[in-house]
Amino acid sequence: MATTTDATVDRDTQIELFRAMQRIHRADARVRKGLSGGEFAFSYWPVDGQEAIGAGVSLALEDRDQVVTTYRGLGDVVGRGVELTGYFGELLGRSIGLSKGKAGAMGISAPEQGIAYSTGIVGAGPLLANGIALAAQMLGTGQVVVVNFGDGATSIGFVHEAMNLAALWSLPVVFVCQNNAWAECTPLEGYTRSERLADRAAGYGMPGVTVDGTDPVAVHGEVAAAVARARAGEGPTFVEATAYRLQGHYFGDGQGYVDADELAAARAADPAGTYRARLIESGVLTEDEASAIEAEIDAEIDQAVQAALAAEEPPASELYVDVYADRDDDGSKAVPTAAVEIPEGETEELGLVAAINRTLDRAMARDERIVLLGEDIADSAGGGMVKVTAGLSTKYGDDRVRNTPIAESSIIGAATGAAMAGLRPVPELMFMDFLGVALDQIANHAAKVRYLSGGRLSAPMTIRATVGVGAGPQHSQALEAIAMHVPGMKVVWPSTSADAVGLLNACLDDDDPCLFVESMKLYFAGGRTPVPVADFTLPLGKVDVKREGGDVTVVSYGTVVHDALAAAETLAGEGVEVEVVDLRTLVPLDLEGVLTSVRKTRRLVVAHESVEFCGPGAEIAASVGTELFGELDAPIRRVAGTYTPVPRAASLEALCHPGPDAIVAAVRSM
Amino acid sequence: MAEVRLPKPGDAITEATIVALVVADGAHVDEGAPLYEIETDKVEMAIDAPASGTVRWHVSEGEVHDVGTLVAEID
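Residues numbered from 1 in each chain as written. Chains lettered and ligands numbered in written order. Predicted model: local features only at pLDDT ≥ 70, side-chain atom pairs only at ≥ 80, totals over all residues.

Enquirer: Any chance you could break down the domain arrangement of chain A for me, citing the residues and the numbers?
Expert: All names here are of chain A. Here the domain parsing of chain A yields domain 1 (6-311), domain 2 (347-532) and domain 3 (545-668). Centre-to-centre, using C-alpha coordinates, domain 1 lies 35 Å away from domain 2. With 30 residues of domain 1 at the contact, the number on the domain 2 side is 27 residues. Elements supplying a minimum of two residues to the side of domain 1 that touches domain 2: β2 (115-119), α5 (125-139) and α6 (157-168). Along the lines of polarity and charge, the residues of the side of domain 1 that touches domain 2 split into 20 nonpolar, seven polar and three charged. (Domains from an automatic or database assignment. Contact = placed C-beta atoms within 7 Å. Helix = DSSP H or I, 4+ residues; strand = E, 2+ residues; numbered from the N terminus. Nonpolar A, V, L, I, M, F, W, Y, C, P; charged D, E, K, R; others polar.)

Put into structure tokens, the structure is as follows:
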């Protein structure tokens, strides 16, 4: 690529670069001044020395383009021209902040001003940027996404996964690596043997360039070229912009790890001052003109700081707002509603695989925003490991039924970003054991983006995951409790084909991320059961009484519902009438539905296959015990998985997972 | 008149020791010039003057103060 110099850039652009650079430099200095003078108190990661990157990148973008950045993001946000009162308000935790003060410096989000998302998780941004770019590509918006990250982030797997996927799908993304010479407090030679970080790009089949990140003209030139490539459909570029961080990793960092002479030399050549001198020397600006621009910026910053300081802290009522779309209160428990029955009418006999396939098929036909993402899910790769998605790519195309690399963080990251940008993705995790592989994207991003963005963004998507059977410690785990522990997620686990249809439709329509759990055991041993031919939806957060009885309540979900029904049949022979309550949804939990049954039977057993210790049964037992203390005729019993990995040997697996006999024994003991 | 308050150089930090007062009481300081130094369990920090003017100290070297304490006024 041709090197861009002052001679090839018009005067207006040079002045705009100066303005953006000074806006960044002065905003950063103002924040540090407020922190050192005790005027403010919050965590902050300075950008002194990196101003040219934020300025050069910002001017290479159009208004419609989106930026993803990091906790060291002031330059990217302020360079983009984000309104400063909302920005400072967010740093200060005030109600007028961009996210109502609930995200802080690490979580700046202003999508309508071109900043999609910021994250405090090193390396997570590129995965999500891919999703925003995927939506832009599929919806034909012509947008380009720039994702900023530090040199330290090039060590984490997320970034490598993201680069691979972006190149594979020719996504309109520009990876901007802001190499400020320090990964927190460790220099480059302390964490890699790579001599040039941009060399990493070649390994993923994308161009990689290194540019002087202290020169805004050079940055602007390289990024503009990369943006043009991305917009033309030619795929991503890796731009490494090299600079030197002139302050500590965080405000207050004494920088004891930095060579004093090296730092002094870098500060003497500070990029903001150097570019100012350059424009005056070349006659682009006079001293007076430069000072006038600086005074104007200072006034804008000062006014914004004062407005932010004067603003109120968010009210207590704000605590639960933006956890879920449909709730301003604690969303872990469902709001009691009237029961919705599975509709009457003509039925067909379907196994669980066919029921889910039919539901996805019909949903894709009626809603073009639905996109499936996963390993081997397209027909070219067999239509899914157990053929849940068979036929769908043939019908809707490989664009909407996307085979992915074996990279779960990439899958969930792409789904999260795409959901933020208007699609309704259905990513498949395959085995639920892989939840951990993608947990950062699920727990830190998909579940929190609504809160982090002050309710302006959300990640409506349905993550499908299968609980295996007979597949040993790493392919048979039920980990629903992990997802239940993350506010912002909904968790659903159907026990029948008909329930799967109704609940999956509810997830696909929901405005928040849902984890939809499928049982391998029911895929193969669930049999074909009647499902209404007409499509229908069952509400999330509503139990279903699968068998009525007056003596004891067994609460369960998923596969174990069938064990509970078998136990109830055995116990009926002994004159004990068991009521089997299928939760269907774990979050939001229909506690009222459980209480209604237990008020009648006065005895409760909670049964699930996941580990008993700290499992969902503990939450249910505690909640019921709190509500019905004094009304219970026996202590609440839990029947659940042993505190062991799930063993491969069938004889041991039977001991690990409760079956009908364990439930019968628990009921008899009461 | 600008107030100089003891900064909070980390989420968990509640107090700091005044290690050195670089500018004498009643002397003039320029904005951005070194003003004083503090030490906490986490860091040692040199703090620059947030404004230009005459310094009036409210603390002495060796004292331990809570974050947010009025350290000096610059007039």
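Picking up where we left off.
Enquirer: Give me the lowdown on the environment of Gly114 of chain A, citing residues and values where you can.
Expert: Residues and elements named next belong to chain A. Topologically, Gly114 is positioned in the loop between α4 (84-92) and β2. A C-alpha to C-alpha distance of 68 Å links Gly114 and Glu574, two positions 460 residues apart in sequence. For Gly114, the contacting residues outside a window of four places in its chain are Leu61, Asp63, Asp65, Gln66, Val67 and Arg80.

Enquirer: So what's going on with the sheet that holds strand β1 (residues 66-70) of chain A? Which residues, and what values?
Expert: Residues and elements named next belong to chain A. Ordered by their spatial adjacency, six strands build an open sheet running β2-β1-β3-β4-β8-β7, and the pairing between neighbours is parallel. Each edge of the open sheet is held by one strand with a lone partner, namely β2 and β7 (208-212). Taking each pair of neighbouring strands and ignoring which way they run, the sheet shows an average axis angle of 20°. The sheet contact formed by strand β3 (residues 145-150) and strand β4 (residues 173-179) spans six bridges and is parallel. Paired with Gly150 across the two strands is Gln178, which belongs to β4. (Pairing = 2+ DSSP bridges. Axes fitted to C-alpha atoms, helices over the stretch in contact; angles between N-to-C directions.)

Enquirer: I'd like to hear about the interface of chain B and chain A, residue by residue, with values.
Expert: Taken together, the contact between chain B and chain A spans 16 residues of the former and 12 residues of the latter. Looking at the side of chain B that touches chain A, the elements that each hand over two or more residues are β1 (2-5) and β5 (44-48) of chain B. Of the residues belonging to the side of chain B that touches chain A, the class tally is nine nonpolar, two polar and five charged.

Enquirer: Can you explain α5 of chain A? Please cite residues and give values.
Expert: In a regular helix each residue adds 1.5 Å, so 15 residues correspond to 21 Å; α5 of chain A covers 21 Å between its end C-alpha atoms and thus fits that length. Counting buried positions along α5 of chain A yields 13 of 15 residues, so the element is predominantly enclosed. (Expected span 1.5 Å × (residues − 1). Buried ≥ 20, exposed ≤ 12 C-beta atoms within 10 Å, placed from the backbone.)

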